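Examining the three-dimensional arrangement
For reference, the chains in residue letters:
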Amino acid sequence: MRNHQNCMATHLTPAMYAKLCHRRTPNGYSLDQAIQTGVDNPGHPFIKTVGCVAGDEESYEVFADLFDPVIKERHNGYDPCTMTHTTDLDASKIRSGQFDERYVLSSRVRTGRSIRGLSLPPACTRAERREVERVVVDALNGLKGDLAGQYYSLTTMTEKEQQQLIDDHFLFDKPVSPLLTCAGMARDWPDARGIWHNHDKTFLIWINEEDHTRVISMEKGGNMKRVFERFCQGLAEVERLIKERGWEFMWNKRLGYILTCPSNLGTGLRAGVHVTLPHLSKDPRFNQILANLRLQKRGTGGVDSATTGTTFDISNLDRLGRSEVQLVQSVIDGVNYLIECEKRLERGQNITIPTPIVHFK
């Protein structure tokens, strides 16, 4: 794997492999299974992927010799051996959460949650996957008020329901990316997969896609504070209902919330906006400004979509070592800075590159 471009290949040595290859988690997950996606997918010289996934909560402990340096590289220097992660879902701390809607078209916050005691999607049995669905849907049926909604199973939904979910851009498809299929996440498709959303279509949960659950709060326009308030309220209610039924989410102070891919550990949070920046996007300083603000840009079609035109999906680059409140605030401050740059360029004025944000020293 000398020519592979992923974090796993960078850190896995022959000696480390020899040390870890015979170990198994209590659920029987092996190092070979954890690294299969990185072995099969060499990566790209300009896009360094992670190259390994967890099959259960214990993977991060049993194979810590590999996962810890991968996490440190992927999370901007966060050292899971010496650092602890803070969770903060108090939306009242957010400042200036209303964007200028001449520029921001929509706002969104998402994360993932895993059910403790059940294997993650790369390794779960069919019975475990169905248990995740049962536990989560049972809890979601207890949501009240603005959060009340309905579950749509991919195996039983009608054609009309399917088309409505497609029209709403809610439906997720069978994984086709080799990064996911080589990790075992498409097995038994579409068994025990589904989508739940509230009646207002502003709070959405995917079940058994890449993680046990993906939780999304979103709406048109630029009110990020309201989106985050709904996100925090919804997560608190779902966690309460899960605990009432004798279950809990995977979390520890070293890694925060545990998810399938090491890149999503900690908060698992991606706060993003679709923002139109016709002048700034043509400025040669745009990418450096984003890098210094710890923001990333994507196409508006999702994770692997190219950026075309002048409307971008701008979101936080970090997940681990900073709280949910800190990350959402950094997106609000950063996007407001981008909008101010756009306004200055409209007026023919100069812009400056901000000082880089430094997290870990």
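One structure accompanies this document, and this report is about it. This is a predicted model, so every value here is computed, not measured.

1. Brief notes about the overall build of the protein chain
Secondary structure summary: the protein chain contains 11 helices and 10 strands in total. Computed over its C-alpha atoms, the radius of gyration of the protein chain comes to 20 Å, within 12% of the 21 Å expected for a compact globule of 361 residues. Each of the three principal axes of the protein chain carries a C-alpha extent, and together these read 65 × 50 × 35 Å. Taking all 361 residues of the protein chain together, 56% fall into the buried category. Relative to all contacts within the protein chain whose residues are 6 or more apart in sequence, the contacts with residues 24 or more apart total 75%. On the protein chain, roughly 16100 Å² of surface is accessible, and the fraction owed to carbon and sulfur atoms is 50%.

2. Considering the layout of surface pockets
By volume, the second largest pocket is sized at about 160 Å³. Surrounding the second largest pocket, Met-1, Arg-2, Ala-9, Leu-12, Thr-13, Pro-14 and Tyr-17 form its lining. Across the lining of the second largest pocket, the residue classes tally to five nonpolar, one polar and one charged.

3. A short note on the pattern of salt bridges
Tallying each qualifying case throughout the model produces 30 salt bridges. A salt bridge links Glu-229 to Lys-225, with the nearest nitrogen and oxygen atoms 3.8 Å apart. Within this pair, Glu-229 and its partner Lys-225 are both found in helix 9 (residues 224-244), separated by four residues, close to a single helical turn. Overall, the relative accessible area of 35% leaves Glu-229 in the partly exposed class. By relative accessible area, Lys-225 is classed as partly exposed at 24%.

4. Quick word on the packing of aromatic side chains
Enumeration over the complete set of coordinates arrives at six aromatic pairs. Where Trp-196 meets Phe-203, the ring centres are 6.2 Å apart and the plane angle is 80 degrees; that geometry is what we call edge-to-face. Residue Trp-196 is classed as buried on the basis of its relative accessible area of 0%. Arranged with centres 5.9 Å apart and planes meeting at 20 degrees, the rings of Phe-228 and Phe-231 form a pair that is stacked. Of this pair, Phe-228 and Phe-231 both sit in helix 9, separated by three residues, roughly a single helical turn. By the burial criterion, Phe-228 is buried, and Phe-231 matches it. In this structure an aromatic cluster arises from ring pairing among Phe-172, Trp-189 and Trp-206.

5. Observations regarding the nonpolar core
Membership of the largest hydrophobic core comes to 57 residues, with the highest contact counts inside it found for Met-224, Phe-228, Leu-280, Ile-314 and Leu-338. Looking at this core, the elements with two or more residues in it are strand 1 (104-113), helix 6 (126-140), strand 4 (203-207), helix 9, strand 8 (270-276), helix 10 (286-292), strand 10 (311-316) and helix 11 (324-346). If one sorts the elements of this core by residue count, helix 11 sits on top with 10 residues. Leu-338 has contacts with Leu-277, Leu-280, Phe-286, Ile-289, Leu-290, Leu-293, Leu-295 and Ile-314, leaving out every residue within four places of it along the chain.

6. A few points about the pairing of strand 8
Burial analysis of strand 8 places six of its seven residues in the buried class, the great majority of the element. Taken together, the six bridges between strand 1 and strand 8 define a ladder with antiparallel strand orientation. In the sheet register, Val-109 faces strand 8, and the bridge partner there is Ala-271. Bridging between strand 8 and strand 10 involves five bridges; their strand directions are antiparallel. In the sheet register, Val-275 faces strand 10, and the bridge partner there is Phe-312.

7. Examining empty space enclosed by the protein
The full count for this structure, using the stated rule, is one cavity of 30 Å³ or more. One number sums up the size of the largest cavity: a volume of about 40 Å³. Around the largest cavity, the lining residues are Arg-113, Ile-115, Val-136, Ile-205, Thr-213, Val-215, Val-238, Ile-242 and Phe-249. Elements represented by at least two residues in the lining of the largest cavity include exactly strand 5 (213-220) and helix 9.

Definitions and cut-offs
Residues numbered from 1 in each chain as written. Predicted model: local features only at pLDDT ≥ 70, side-chain atom pairs only at ≥ 80, totals over all residues. Heavy atoms only, no water. Helix = DSSP H or I, 4+ residues; strand = E, 2+ residues; numbered from the N terminus. Rg over C-alpha atoms; globule rule 2.2 N^0.38 Å. Buried < 20%, exposed > 50% of the residue type's maximum accessible area, 1.4 Å probe, protein only. Contact = heavy atoms within 4.5 Å. Areas by Shrake-Rupley, 256 points an atom, 1.4 Å probe, with all protein chains shown as cover. 1 Å grid on protein atoms, 1.4 Å probe; cavity = no way out; pocket = protein on both sides within 12 Å on 5 of 7 lines; lining within 4 Å. Points joined across faces, edges and corners; volume = space filled by probe spheres on them. Nonpolar A, V, L, I, M, F, W, Y, C, P; charged D, E, K, R; others polar. Salt bridge = Lys/Arg side-chain N within 4 Å of Asp/Glu carboxyl O. Phe/Tyr/Trp six-rings, centres within 6.5 Å; stacked < 30°, edge-to-face > 60°. Core = buried A, V, L, I, M, F, W, Y, C linked by side-chain atoms within 4.5 Å. Pairing = 2+ DSSP bridges.

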